[in-house]
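Working through the structure, step by step
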Amino acid sequence: MMNAQVQLKNRALAPKGSEEGTKPKQNGAALFIESLKKQNVEIIFGYPGGAVLPIYDALYQNPVKHILARHEQGAIHAAEGYARVSGKPGVVIATSGPGATNLVTGITDAMMDSLPLVVFTGQVATTVVGTDAFQEADIVGITQPITKHNYQVKNINDIPRIVKEAFHIASTGRKGPVLVDIPKDIANTIFESEVDDDAPINLPGYQPTLHPNFLQIQKAIKAIAESKQPLILAGAGILAADASAELTEFAEKQNIPVTNTLLGLGSINGEHELFLGMAGMHGTFTSNMAISNCDLLINIGARFDDRLTGNLSKFAQKAKIIHIDIDPAEIGKNVPTDIPIVADAKEALKALLKHSIEAPDTKLWHEYLSECLAEYPLWYDAKEPDTVYPQQAVELIHRITNGEAIITTDVGQHQMWTAQYYKFKNEHNWVTSGGLGTMGFGFPAAIGAQFAKPEQRVISIVGDAGFQMTSQELALLKEFNLPVKIVILNNSCLGMVRQWQETFYEERYSSSLMPVQPDFVKLAEAYGVKGYRINTIHEAEEILTEALLSDEPVLIDCRVKQLEVVNPMVAPGKGLDEMIGVKKG
Amino acid sequence: MKRVITVTVINQSGVLNRVTGLLMKRQFNIESITVGHTEQPDISKMTFIVHVEDENKIEQLVKQLSKQIDVIKVNDITDKSIVIRELALIKIVAPPNLRMEINSIVEPFRGSIIDMGKNVVTYQIVGNPEKIDAFIELIQPYGIKELTRTGVTAFVRDAQVKPTAQLSILQ
Ligand SMILES: Cc1ncc(C[n+]2csc(CCOP(=O)(O)OP(=O)(O)O)c2C)c(N)n1
Ligand SMILES: [Mg+2]
């Protein structure tokens, strides 16, 4: 009796075709893994569950490196960090229902910041879709407005095509997240027919424009040749197009000053003499005055986000606007544009570089900007001699790493101070959540970045509050011995919220102080990660130097001045030329 | 202002949802929407009437729609020479003694009777939306029991030249 059962079971397990010596038949899950391999996927961040059991079984038999995060949100932010520094799509797998809904924040974040992700979710069997089955969530419906595109696989034969299209869509044009929902029965179905894997991608509704229009380039050249006060605003589009070298060459050749959006940092060396610092709400006085006074604003790969523009009716009022963007829908969306150029940033810059543009004398303009820089530099007032001021901590990190580390941040004051005081030497080293401003992003993003660049130093500068949203991923540092350095700028509060309450709500600190925090050093130790605590500026020098240069994962709880505010600032509703907090005192 | 937009889409499940979801997210006001197959088997066409504040808004709408992967073509055909049609079904209280009178109103609109009961008659009217509005206004006093409209579908005419006097007679 027993024997017969075992025999039966074995027969069921044997691949059908193998007896006749033909290629063993695959199920949908195996076909799916094979399709991933054809896309050269080297790493997957994921979390299993019922609906993806067939996929995880196929992964077991035909492995692709898989990182088991401790929360799906950790997995997807890691995939975003990976995508940001490697330029390749980040790949995520999660189960149906709660696994899928835990991804929603990360998908939205990637959509807002144009990061290429391919996200696979399990789904209940097609036979019960729509019946509120156990762990069913309409993830295709839920993610429709937060994906570049999404699919539900309805037929096993479609798996290779859909996987191929998903990677193509995510990583071309304006990059973004694509979700593929795979019902469990489809993953289990035995695949009968042969598919033509080499069939070319056929997406008649998707043909991104890469090359700039000749006439528009001519117009841009004419405008540059006529401009006495030109300015380049460089955004993340430069980084997505790998065009930092072209940007720098163009700026130098034409002697045009450059400012960055938050996400565009690193597109030009932070210490370049033409660089004015970041623009926008917490940008430098000089950058914002440059935007307000320029006669030509050349926006390359930035989307005129409201945190950059301030009050739109006061934005760059004296300027003719050239807007280069790969997404035509961004052009004219917020700021009326004189010369629209739909193109990949690199292609557009190459086209501009082909011409020698006779530029007028811009000496006065450069003099004015130099005066601004000298008169209104970034400032803070380290009144208490022993206390660590958060800006000092970032300056130290910059000095110790020579501006060459990969830096990820969370969201809040520490993010703005990092953007202001860490001068990036190189491109693709800056990982932050800009459009969505997602707390909990910074630390897992550092994990993904470290997997992408094992040789590089990765430092995650986070707030004490935001870190606690995804701190469970500490487990991965130990498990994979990832030498990520976590620096918590610990002000025992939701610093950015507190700052707004101080400035706009008469210091009514409603739910923004966190007097009781965990012992972060012990927390690190509980996960087998070395922990340090910094209380004084003297300790900061010493410990940061030691810890940041070590080869191990470390967590540093850096206690900083609690009531510090980010300066300068464009208050909500104000124009860029109405900054407050521009000078000490 | 009112604009007529046609959207050619790949006939995928969820594409209608994508398009209407997008209009909602971007806060566009849809007055009517119709969808149907075209001469090509996998291609459907949608026709929208939307209200927008200015040119800029409509440009955004066209661009955002064009960005959708399943959208092949978006046209704002408002300013072209176009044919617009809508169908309405109207159930009217029409006791036998009033039927002649009601029919005399229906006739110039080339409406047809598609169902008849003891005291009610259902008419079908086809035309541009203004024609249907006019018919409804005239028939209202007799008592409308039920009314349903399909929303408009539209076509660009072949001849885009300004119609001469003679041609317009042919129309
Ligand atoms: C998920 C999420 N919830 C709430 C917010 C709103 N928010 C922005 S900054 C901030 C405070 C962050 O505090 P902390 O992480 O300690 O950083 P700090 O500002 O103190 O440097 C909050 C609550 C957010 N951005 N994201
Ligand atoms: Mg804090």
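Residues numbered from 1 in each chain as written. Chains lettered and ligands numbered in written order. Predicted model: local features only at pLDDT ≥ 70, side-chain atom pairs only at ≥ 80, totals over all residues. Heavy atoms only, no water.

The name given to chain B in an unreviewed UniProt entry is Acetolactate synthase small subunit, with Viridibacillus soli as the source organism. In UniProt, chain B has this text filed under Catalytic activity (unreviewed entry): "2 pyruvate + H(+) = (2S)-2-acetolactate + CO2". In its Subunit (unreviewed entry) section, UniProt records this for chain B: "Dimer of large and small chains." (UniProt positions renumbered as here; feature names shortened; annotations may be inferred.)

**Brief notes about the coordination of the magnesium ion (ligand 2)**
Residues and elements named next belong to chain A. Taken together, D464 (OD), N491 (OD1) and C493 (O) make up the full set of protein donors to the magnesium ion (ligand 2), lying 2.1 to 2.2 Å away. The sequence motif formed by the donor residues of the magnesium ion (ligand 2) is D-x26-N-x1-C. On the criterion of sequence distance, the pair formed by D464 in helix α20 (residues 464-467) and C493 in the loop between β16 (485-490) and α22 (495-504) is long-range, its members being 29 residues apart. Taken individually, D464 and C493 each receive the classification buried, so the pair is uniform in this respect. (Donors = N, O, S within 2.8 Å, 3.2 Å for Na, K, Ca; no water. Helix = DSSP H or I, 4+ residues; strand = E, 2+ residues; numbered from the N terminus. Buried < 20%, exposed > 50% of the residue type's maximum accessible area, 1.4 Å probe, protein only.)

**Notes on the packing of aromatic side chains**
All names here are of chain A. According to the stated counting rule, one finds 14 aromatic pairs over all chains in the structure shown. Look at F45 and F451: their rings are 6.1 Å apart centre to centre, the planes differ by 65°, and that puts the pair in the edge-to-face class. Separated by 406 residues along the polypeptide, F45 in strand β1 (residues 44-46) and F451 in helix α19 (residues 442-452) bring together distant segments of the chain. On the basis of relative accessibility, which here comes to 1%, the residue F45 falls in the buried class. For the pair F285 and Y376, a centre-to-centre distance of 4.2 Å together with 35° between the ring planes defines the contact as tilted. Here F285, found in helix α13 (residues 285-293), pairs with Y376, found in the loop between α16 (363-375) and α17 (390-401); they are 91 residues apart in sequence, far enough to count as distant. (Phe/Tyr/Trp six-rings, centres within 6.5 Å; stacked < 30°, edge-to-face > 60°.)

**Details of the UniProt feature "domain: ACT" (unreviewed entry) in chain B**
As annotated in UniProt, the feature "domain: ACT" (unreviewed entry) corresponds to residues 4-79 of chain B in the numbering used here. Between the end C-alpha atoms of residues 4-79 of chain B there is a gap of 9 Å, over a span that is 32% helix and 41% strand.

**So, the site of ligand 1**
Residue and element names in this part refer to chain A. Q413, G437, D464, G466 and G495 are the nearest of the 17 residues found near ligand 1. Contact between ligand 1 and D464: an oxygen atom at 2.9 Å from a side-chain N or O atom of the residue. Burial of ligand 1 by the surrounding chains reaches 76%, relative to a free accessible area of 590 Å². Mapped by element, the contributors of at least two residues to the shell around ligand 1 are α18 (413-421), α20 and α22. Class assignment of the residues belonging to the shell around ligand 1 gives a composition of 8 nonpolar, 8 polar and 1 charged. (Near = heavy atom within 4 Å. Polar contact = N/O pair within 3.5 Å; in protein donor to acceptor, adjacent residues only side chain to side chain. Areas by Shrake-Rupley, 256 points an atom, 1.4 Å probe, with all protein chains shown as cover. Nonpolar A, V, L, I, M, F, W, Y, C, P; charged D, E, K, R; others polar.)

**Side note on the environment of A133 of chain A**
Residues and elements named next belong to chain A. With respect to the element layout, A133 can be found in the loop between β4 (117-123) and α7 (139-142). Taking C-alpha positions, A133 is 9.7 Å from G97, a pair spaced 36 residues apart along the chain. Apart from residues lying up to four places away in sequence, A133 is in contact with V124 and V128. (Contact = heavy atoms within 4.5 Å.)

**Here's the deal with the pattern of salt bridges**
A complete count under the given rule lists 31 salt bridges over all chains for this structure. Note that R174 of chain A and D327 of chain A form a salt bridge whose closest N and O atoms lie 2.9 Å from each other. In this pair, R174 of chain A sits in the loop between α8 (159-171) and β6 (177-183) while D327 of chain A sits in the loop between β11 (320-325) and β12 (339-342), placing the two residues 153 residues apart along the sequence. On the basis of relative accessible area, D327 of chain A is assigned to the buried category, the value being 2%. Sharing partners across several salt bridges, the network here consists of R174, D327, E330 and K333 of chain A together with K67 of chain B. (Salt bridge = Lys/Arg side-chain N within 4 Å of Asp/Glu carboxyl O.)

**Observations regarding the environment of F520 of chain A**
Residue and element names in this part refer to chain A. If you trace the backbone, F520 turns up in helix α23 (residues 520-526). You can call F520 buried: its relative accessible area is 0%. Taking the C-alpha atoms as reference points, F520 and I182, separated by 338 residues in sequence, lie 40 Å from one another. Apart from residues lying up to four places away in sequence, F520 is in contact with D464, F467, Q468, I488, N490, R533, L555 and D557.

**As for the confidence of the model for chain B**
Residue and element names in this part refer to chain B. Per-chain confidence: chain B averages 91 in pLDDT, with 94% of residues scoring 70 or above. No element of chain B has a lower mean pLDDT than helix α5 (residues 165-170), which averages 41, and none a higher one than strand β8 (residues 144-149), which averages 97. Note that residues 163-171 has pLDDT below 50 and, in this model, 2 contacts with residues that lie over four places away or in other chains. As a predicted assembly, this complex carries a pTM of 0.94 together with an ipTM value of 0.90. (pLDDT = per-residue confidence, 0-100.)

**A short note on the domain arrangement of chain A**
Residue and element names in this part refer to chain A. According to the domain assignment, chain A consists of domain 1 (24-191), domain 2 (214-375) and domain 3 (390-559). Placing a centre on the C-alpha atoms of domain 1 and another on those of domain 3 gives a separation of 29 Å. Overall, the association of domain 1 and domain 3 removes approximately 1900 Å² of surface from exposure, summing both partners, and the carbon and sulfur fraction of that is 68%. When the buried area of domain 1 at its contact with domain 3 is split by residue, R70, H77 and V85 rank highest and sum to 32% of it. On inspection of domain 1 and its partner domain 3, the count reaches 1 salt bridge. As a salt-bridge pair, R70 and E479 come within 2.9 Å of each other at their nearest N and O atoms. Where domain 1 touches domain 3, the interface holds 7 residue pairs in polar contact (both at pLDDT 80 or more). (Domains from an automatic or database assignment. Buried area = accessible area lost by both parts, 1.4 Å probe.)

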